[in-house]
Amino acid sequence: ILAVVVLYFHKLNPFSRKKTPTERRDTFTLWGKVIVSCLPAAVIGLLFDDMIESIFFNYVTVSIMLILYGVLFILVENWNKRRRPKVRTLSNLSYRTAFCIGLFQVLALIPGTSRSGATILGGILLGASRTVSAEFTFFLAIPVMLGASLLRLVRFGFAFTAAELVLLLVGMLVAFIVSILVIRFLMSYIKKHDFKVFGWYR
């Protein structure tokens, strides 16, 4: 979450003095699309998270989902080669498309399903370019992962020992640094390549 905020702070900040009134309005609109896209997963997650985890949280489901989405990445990219994306900028992404991407995000409640994988595939299938799909997926991560993390913290409780707190902070720091590097690499990579390599990796 922090890596996305740091890398895209200017694009995500509607109060930047460097932006024109139109750019500020577009930024508020972008946040509106992010919130609309988060609604399906938020509702389904709050209502059925425990049930989904008790039924599907096992190595068989995780293995199947890893393989399934790997195959889907390859199939979707093969299909996508023959068409031009309709949505090439975030400003062209409609509220309807944003909501539909949010429906794909619901699939990520099943363990083994990559949240970013599901929403990127959803974005591509709905006519967005790889870059738009990936960027919007990163922005979606901010409220979704923040909400999920807070929910876990509340359920776990805040009674951390000093050692546990140090481990948590070290883990966050490492994740932040790695995320900065990975996001930069990914956005550079997909400008010239497709997502097939991630399908084979999965």
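The paragraphs below set out a description of the structure included in this document. What you are looking at is a predicted structure, and each value in this text was computed from that prediction instead of being measured.

1. A few points about a nonpolar patch on the surface
Okay, step 1: A cluster of nonpolar residues, Val43, Leu47, Phe48, Met51, Ile55 and Phe56, forms a patch on the protein surface that exposes about 560 Å² of accessible area.
Okay, step 2: Tracing the sequence through the fold places Phe56 in helix 3 (residues 21–56).
Okay, step 3: Here Phe56 falls in the partly exposed class, since its relative accessible area comes to 31%.

2. Considering the packing of helix 5 (residues 95–106) against helix 7 (residues 130–156)
Okay, step 1: As a packed pair, helix 5 and helix 7 sit with axes 12 Å apart at the nearest point and diverge in direction by 65 degrees. Between helix 5 and helix 7, the crossing angle belongs to the class labelled roughly perpendicular. When you trace helix 5 past helix 7, the crossing you get is right-handed. Contacts from Ala98, Ile101 and Gln105 of helix 5 reach helix 7 at Phe136, Leu140 and Val144.
Okay, step 2: Residues that form the contact of helix 5 with helix 7 fall into these classes: five nonpolar, one polar and no charged.

3. Focus on the environment of Gly122
Okay, step 1: Structurally, the position occupied by Gly122 is in helix 6 (residues 115–125).
Okay, step 2: Expressed as a C-alpha distance, the spacing of Gly122 and Gly102, which sit 20 residues apart in the sequence, is 8.6 Å.

4. Considering the state of the cysteines
Okay, step 1: For the coordinates displayed, the defined rule picks out zero disulfides.
Okay, step 2: A disulfide-free cysteine, Cys38 has its sulfur positioned 14 Å from the sulfur of Cys100, the nearest such atom.

5. Some points on the layout of surface pockets
Okay, step 1: Taken as a whole, the second largest pocket encloses approximately 350 Å³ of empty space.
Okay, step 2: Lining the second largest pocket are 17 residues, with Lys11, Asp26, Leu30, Leu90 and Ser91 sitting closest to its centre.
Okay, step 3: Counting only elements with at least two residues in the lining of the second largest pocket, the list comes to helix 2 (9–12), helix 3 and helix 7.
Okay, step 4: Sorting elements by how many residues they give to the lining of the second largest pocket places helix 3 first, with six residues.
Okay, step 5: Considering only residue class, the lining of the second largest pocket consists of three nonpolar, seven polar and seven charged.

6. What to know about helix 3
Okay, step 1: A maximum bend of about 70 degrees is found in helix 3 at Phe48.
Okay, step 2: Turning to helix 3, its buried residues number three or more, namely Thr27, Leu30, Gly32, Lys33, Val34, Ser37, Cys38, Pro40, Ala41, Gly45, Asp49 and Ile52.
Okay, step 3: Looking at the buried residues of helix 3, the elements they touch are helix 2, helix 5 and helix 7.

7. Comments concerning helix 5
Okay, step 1: The end-to-end C-alpha distance of helix 5 is 17 Å, a good match for the 16 Å that twelve residues give at a rise of 1.5 Å each.
Okay, step 2: Restricting attention to buried positions, one finds in helix 5 the residues Thr97, Ala98, Ile101, Gly102, Gln105 and Val106.
Okay, step 3: For helix 5, the secondary structure elements touched by its buried residues are helix 3, helix 6 and helix 7.

8. Some thoughts on the packing of aromatic side chains
Okay, step 1: All chains considered together, the criterion is met by seven aromatic pairs.
Okay, step 2: Ring geometry for Tyr8 against Phe138: centres 6.5 Å apart, planes inclined by 35 degrees, an arrangement best described as tilted. One end of the pair, Tyr8, is in the loop between helix 1 (2–7) and helix 2; the other, Phe138, is in helix 7, and 130 residues separate them in sequence. Take Tyr8 and Phe138: they sit in the same class, and that class is buried.
Okay, step 3: Pairing Phe73 with Phe195 gives two aromatic rings, centres 5.8 Å apart and planes at 40 degrees, and the pair type is tilted. Remark: Phe195 occurs in the loop between helix 8 (162–189) and helix 9 (196–201) and Phe73 occurs in helix 4 (residues 59–80); sequence separation between them is 122 residues. Taken as a pair, Phe73 and Phe195 share a single burial class, namely buried.
Okay, step 4: Connected via pairs of aromatic rings, a cluster forms that spans Phe73, Phe185, Tyr189, Phe195 and Phe198.

9. Looking at the pattern of salt bridges
Okay, step 1: Across all of its chains, the model carries two salt bridges by this definition.
Okay, step 2: Between Glu77 and Arg130 there is a salt bridge, with the nearest N and O atoms lying 2.9 Å from each other. Of this pair, Glu77 sits in helix 4 while Arg130 sits in helix 7, placing them 53 residues apart in sequence.
Okay, step 3: The class for Arg130 is partly exposed, based on a relative accessible area of 22%.

Quick notes on the rules
- Residues numbered from 1 in each chain as written.
- Predicted model: local features only at pLDDT ≥ 70, side-chain atom pairs only at ≥ 80, totals over all residues.
- Heavy atoms only, no water.
- Patch = residues over 30% accessible without salt bridge, like charges linked within 9 Å, V, L, I, M, F, W, Y side chains within 5 Å.
- Areas by Shrake-Rupley, 256 points an atom, 1.4 Å probe, with all protein chains shown as cover.
- Salt bridge = Lys/Arg side-chain N within 4 Å of Asp/Glu carboxyl O.
- Helix = DSSP H or I, 4+ residues; strand = E, 2+ residues; numbered from the N terminus.
- Buried < 20%, exposed > 50% of the residue type's maximum accessible area, 1.4 Å probe, protein only.
- Axes fitted to C-alpha atoms, helices over the stretch in contact; angles between N-to-C directions.
- Parallel < 35°, antiparallel > 145°, perpendicular 65-115°, else oblique.
- Left-handed = near helix turned anticlockwise from the far one by under 90°.
- Contact = heavy atoms within 4.5 Å.
- Nonpolar A, V, L, I, M, F, W, Y, C, P; charged D, E, K, R; others polar.
- Disulfide = S-S within 2.5 Å.
- 1 Å grid on protein atoms, 1.4 Å probe; cavity = no way out; pocket = protein on both sides within 12 Å on 5 of 7 lines; lining within 4 Å.
- Points joined across faces, edges and corners; volume = space filled by probe spheres on them.
- Bend = angle between axes of the 7 residues up to and from the residue.
- Expected span 1.5 Å × (residues − 1).
- Phe/Tyr/Trp six-rings, centres within 6.5 Å; stacked < 30°, edge-to-face > 60°.

Without other data, these values stay purely geometric and don't point to any function.
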